[in-house]
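Geometric and topological summary
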Amino acid sequence: MKRSDQTVPLDTARRYHGLAAACLVLILSSHAQAQDPATPQWRPALHFSPAEHWMNDPNGPFLLDGTYHLFYQYNPAGMVWGPMSWGHATSTDLLHWHEESVAISSSPNEDIFSGTVVYDSRNSSGLGSASAPPLLAFHTSVFHGNPAHPDGTQAQSLSYSLDGGAHWRSYEQNPILTLEPESRQFRDPSVVWYPQGQCWIMTTVVADAQLVKLYRSTDLLHWSFLSDFQPSGYRKPGMLWEMPLLIPLSLDGNPHDPRWVMIVSVNPWSIAGGSGVQYFVGRFDGTRFTPDALPPEGSDPSAYDWLDHGADQYATIRFANTGTEAPLLIGWMSNWDYASTLPTAPWRGQATLPVQLALKTVDGHPTLIQTPTPTYEELIRRQGIAAFADRDLGSSQTWRVPLVGDVLDIRVTLHRGDAVRAGIVVRQSPDGRTGTVISYDFTTGNLTLDRSHSGEVAFSPRFSLTHIAHLSAPDGVLSLHLVVDRNSVELFANGGALRMTDLVFPPAGSDRVSLFSDGGRTHFTGIRISASAR
Ligand code: FRU
């Protein structure tokens, strides 16, 4: 069921969970990899990563009393995906995280898979009190060796906290939702308040059927089925749909044009290869989600909308209880194609930068706009921003920026002269041999992130090297915003209309930045760089 570069042993271990031989494979492989030399040079400064061991999906993020809580799929004892618990971290700015103790632990009879948290402020569930409302965590239970459920059953369960998220108890009537006996791939509950119907809506998936199932509830305990969402002609053998998410957003900020966006993580078939996150813009009438438009049957991934055009964003989820501001999202910065072979130690897995969302018409098409959070912008302002004079570069000319750093915020606007291609190299080594290249081809409209020479790339043959997205540059003008960390490059192009997230593993000392122009002249304006003091 789970995928990795060690697909055979890990799949086997999952399928025969509890068998001594499989456990041995898991223990041996985790042990061997925990011995790998530590890689502090790749420890992210601006992104959450656990101090040790494996993490995948972010789970149940929420804001309460000024503290952001992030939970995540966590194997507290190993460097590869294994028995899943919910790890826990807290932050006041979404950038600096404090790791807390494990919030919801797996047991030999139950894995705790992904889900969401809801702040039940009116105590509709009755699990808290009016003066001390409960937090409810909806997650998937995977049962093993439990006489009440066939082995491997995936069902939706509830845990609740009466102390602001520090401690969680399992609801006595679990599971609250099951498709038994056909429920081996039924998972990832996400719950959102639907004001028009004064009820809660839950989305879940039957992962291997590429099917989203919608339910409703008024007390958060009893759920009734509403509808299925499965675009026609979409089913692909072997493809999984995971972590569905329904978000209301008005188009172009117009409250009279409300839309709903269905975000789904898919694996494989992503635009950048392996796993990735796509979205559908449409309407929700309280029962059914209907996309506004779908590409013709048989279309390839490029005909669909993608939250991220890089390889390293998955299982993206929304923070709950953030008030009326724009929705905040956070994802897992990795790809199931090679997640279990990433060369970091003693941790493996990290979160993306949180972003805020809007829905705007771009080239006539409703498009998710993603930008770093106000807390990020505040950090950059506090750090100080170096502004550089505009530059003109002729054909095959480069300009090395007189500033160094491995954690950088970079903004620049490219104006086409008569160049074919122009761009920027980040995490470049002083000798120029390694670096991650972001380039825009003015003639084709292709924006490329090339990590072929970014440093360590050989740890997996499935670590894809170049990611390409089509983006129009009206009047030959393109704006780039890059968030560069010790092991990642996140690109927000044209004000967040296109996002690309990629892991990179550069050699120590790769802290240079260069601009370049090819096949003609390019004018660079608005060159602003902020280097992290950390
Ligand atoms: C997505 C996912 C979820 C599942 C979890 C298990 O990456 O496969 O569908 O709940 O990870 O760790």
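Residues numbered from 1 in each chain as written. Predicted model: local features only at pLDDT ≥ 70, side-chain atom pairs only at ≥ 80, totals over all residues. Heavy atoms only, no water.

Details of the packing of aromatic side chains
Considering all chains together, one arrives at 34 aromatic pairs under this definition. Seen from their ring centres, phenylalanine 48 and tyrosine 72 are 4.9 Å apart, and the 45° between their planes marks the pair as tilted. Of this pair, phenylalanine 48 sits in the loop between α2 (20-34) and β1 (53-64) while tyrosine 72 sits in strand β2 (residues 67-75), and the two are 24 residues apart along the sequence. One exposure class covers both phenylalanine 48 and tyrosine 72, and it is buried. Between tryptophan 269 and tyrosine 304 the ring centres are 5.5 Å apart and the planes differ by 70°, which places this aromatic pair in the edge-to-face class. Taken together, the positions of tryptophan 269 in the loop between β14 (258-267) and β15 (276-284) and tyrosine 304 in the loop between β16 (289-291) and β17 (305-306) put the pair 35 residues apart, joining distant regions of the chain. Of the aromatic side chains, those joined through ring pairs into one cluster are Phe229, Trp241, Trp269, Phe280, Phe289, Tyr304 and Trp306. Its end group placed over the ring of phenylalanine 463, arginine 451 keeps NZ or CZ at 3.7 Å from the ring centre. (Phe/Tyr/Trp six-rings, centres within 6.5 Å; stacked < 30°, edge-to-face > 60°. Helix = DSSP H or I, 4+ residues; strand = E, 2+ residues; numbered from the N terminus. Buried < 20%, exposed > 50% of the residue type's maximum accessible area, 1.4 Å probe, protein only. Lys NZ or Arg CZ within 6 Å of the ring centre and 35° of its normal.)

Here we look at the layout of surface pockets
By volume, the largest pocket amounts to about 920 Å³. Val192, Trp193, Arg318, Asn321 and Gly323 are the residues nearest the centre of the largest pocket, which is lined by 40 residues in total. Contributing elements (two or more residues each) for the lining of the largest pocket: β1, β5 (110-119), β9 (186-194), β10 (199-206), β13 (240-250), β14 and β18 (314-318). Ranked by the residues each element gives to the lining of the largest pocket, the list is headed by β13, at five residues. Among the residues making up the lining of the largest pocket, the classes are represented as 21 nonpolar, 14 polar and five charged. In this model, the second largest pocket occupies a volume close to 790 Å³. (1 Å grid on protein atoms, 1.4 Å probe; cavity = no way out; pocket = protein on both sides within 12 Å on 5 of 7 lines; lining within 4 Å. Points joined across faces, edges and corners; volume = space filled by probe spheres on them. Nonpolar A, V, L, I, M, F, W, Y, C, P; charged D, E, K, R; others polar.)

Some thoughts on the domain arrangement of the protein chain
According to the domain assignment, the protein chain contains domain 1 (8-339) and domain 2 (384-531). Inter-centroid distance (C-alpha atoms) of domain 1 to domain 2 is 32 Å. Contacts between the two partners involve 20 residues from domain 1 and, on the opposite side, 24 residues from domain 2. Buried area between domain 1 and domain 2, both sides added, is near 1,900 Å², and the carbon and sulfur share of it is 55%. When the buried surface of domain 1 facing domain 2 is broken down by residue, Trp42, His309 and Tyr338 rank first, second and third, together holding 33% of it. (Domains from an automatic or database assignment. Contact = heavy atoms within 4.5 Å. Buried area = accessible area lost by both parts, 1.4 Å probe.)

Some points on the sheet that holds strand β11 (residues 211-217)
Read from one edge of the open sheet, four strands run β9-β10-β11-β12, paired in antiparallel fashion. Of all the strands in the sheet, just β9 and β12 (224-229) have a single pairing partner and so form its edges. Each neighbouring strand pair of the sheet contributes to a mean axis angle of 25°, computed without reference to strand direction. Pairing of β9 with β10, which is carried by seven bridges, proceeds in the antiparallel orientation. Its bridge partner lying in β10, valine 191 is registered against methionine 202. (Pairing = 2+ DSSP bridges. Axes fitted to C-alpha atoms, helices over the stretch in contact; angles between N-to-C directions.)

Observations regarding the pattern of salt bridges
The final tally for this structure, using the stated rule, is 18 salt bridges. Between arginine 259 and aspartate 257 there is a salt bridge, with its nearest N and O atoms 3.0 Å apart. You can call arginine 259 buried: its relative accessible area is 10%. The salt bridge partner of arginine 499 is glutamate 490, with a shortest N-O separation of 3.6 Å. No difference in accessibility class separates arginine 499 from glutamate 490, as the two residues are buried. Each of Asp257, Arg259, Arg283 and Asp292 takes part in a single network of salt bridges with overlapping partners. (Salt bridge = Lys/Arg side-chain N within 4 Å of Asp/Glu carboxyl O.)

Considering helix α3 (residues 374-383)
Within α3, the full set of buried residues consists of Thr375, Tyr376, Leu379 and Ile380. Looking down the long axis of α3, one finds its buried residues gathered within 140° of arc, a one-sided arrangement. Exposed and oriented more than 90 degrees from the buried face of α3 are Arg381 and Arg382. In the core, the buried residues of α3 are packed alongside β22 (365-372), β26 (408-416), β31 (477-485) and β35 (522-531). One or two steps after α3, the chain reaches glycine 384, where phi turns positive at roughly 100°. (Arc of directions from axis to C-beta.)

Some thoughts on the pairing of β35
By the bridge criterion, three bridges tie strand β23 (residues 386-388) to β35 in an arrangement that is antiparallel. Across the sheet, residue alanine 387 finds its bridge partner in β35, namely arginine 528. Alignment of strand β24 (residues 391-393) against β35, held across three bridges, turns out to be antiparallel. Residue arginine 391 lies in a different strand from β35, and its bridge partner there is phenylalanine 524. Where β26 and β35 come together, eight bridges link them in antiparallel fashion. Looking at the pairing, threonine 413 lines up with threonine 525 of β35.

Structural notes on unusual backbone geometry
Excluding glycine, residues mostly have negative phi values, and the peptide bonds linking residues are mostly trans. Cis geometry marks the peptide bond from asparagine 174 to proline 175; its omega dihedral reads -5°. Tracing the chain through its elements places proline 175 in the loop between β8 (169-170) and β9. Cis rather than trans, the peptide bond between glutamate 180 and proline 181 has omega equal to 10°. Residue placement: proline 181 occurs in the loop between β8 and β9. Backbone geometry at aspartate 475 places phi at a positive 60°, although glycine is not the residue there. In this structure, aspartate 475 sits in the loop between β30 (466-470) and β31.

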